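Chain and residue survey
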Amino acid sequence: MSCCGSRRTAFRSAPLSSTHSGSASFRQVAPAEFEYTGHTQLTVTGPVTGVVYRFQAHGQRVSVHGADAASLYSIPSLKSVR
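The following paragraphs examine the structure supplied in this document.

Conventions we followed
Residues numbered from 1 in each chain as written. Predicted model: local features only at pLDDT ≥ 70, side-chain atom pairs only at ≥ 80, totals over all residues. Heavy atoms only, no water. Buried < 20%, exposed > 50% of the residue type's maximum accessible area, 1.4 Å probe, protein only. Helix = DSSP H or I, 4+ residues; strand = E, 2+ residues; numbered from the N terminus. Pairing = 2+ DSSP bridges. Core = buried A, V, L, I, M, F, W, Y, C linked by side-chain atoms within 4.5 Å. Contact = heavy atoms within 4.5 Å.

As a further point, take the pairing of strand β1 (residues 32-36). Among the five residues that make up β1, four are buried, leaving the element largely enclosed by the rest of the structure. Bridging between β1 and strand β5 (residues 78-81) involves four bridges; their strand directions are antiparallel. Bridging across to β5, Tyr36 finds its partner in Leu78.

Written out as structure tokens, the structure reads:
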């Protein structure tokens, strides 16, 4: 029976290449602003950053990290403000 343990260890210790730096693009995404159109309170956790966004009243605007914005577009009571 073969074992891939030594290859797995080598893979874990190998540094990431400069072309695979996801964190660099994560920081460069422009923020987006959303306006709440609902009538109660809404709390949303950004799936990428983990930031908690709180909309406490109708018409409130909140600036959202660009990496989280794509998921907030799918919430019917939030509209993008340009």
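Moving on, there is more to tell.
Time to look at the nonpolar core. Of all hydrophobic cores here, the largest spans twelve residues; its members are Ala32, Phe34, Tyr36, Leu42, Val44, Tyr53, Phe55, Val62, Val64, Ala69, Leu72 and Leu78. Elements supplying a minimum of two residues to this core: β1, β2 (42-45), β3 (52-55), β4 (61-64) and α3 (66-72). If one sorts the elements of this core by residue count, β1 sits on top with three residues. In contact with Val44, other than residues within four places in its own chain, are Val51, Val52, Tyr53, Leu72 and Ile75.

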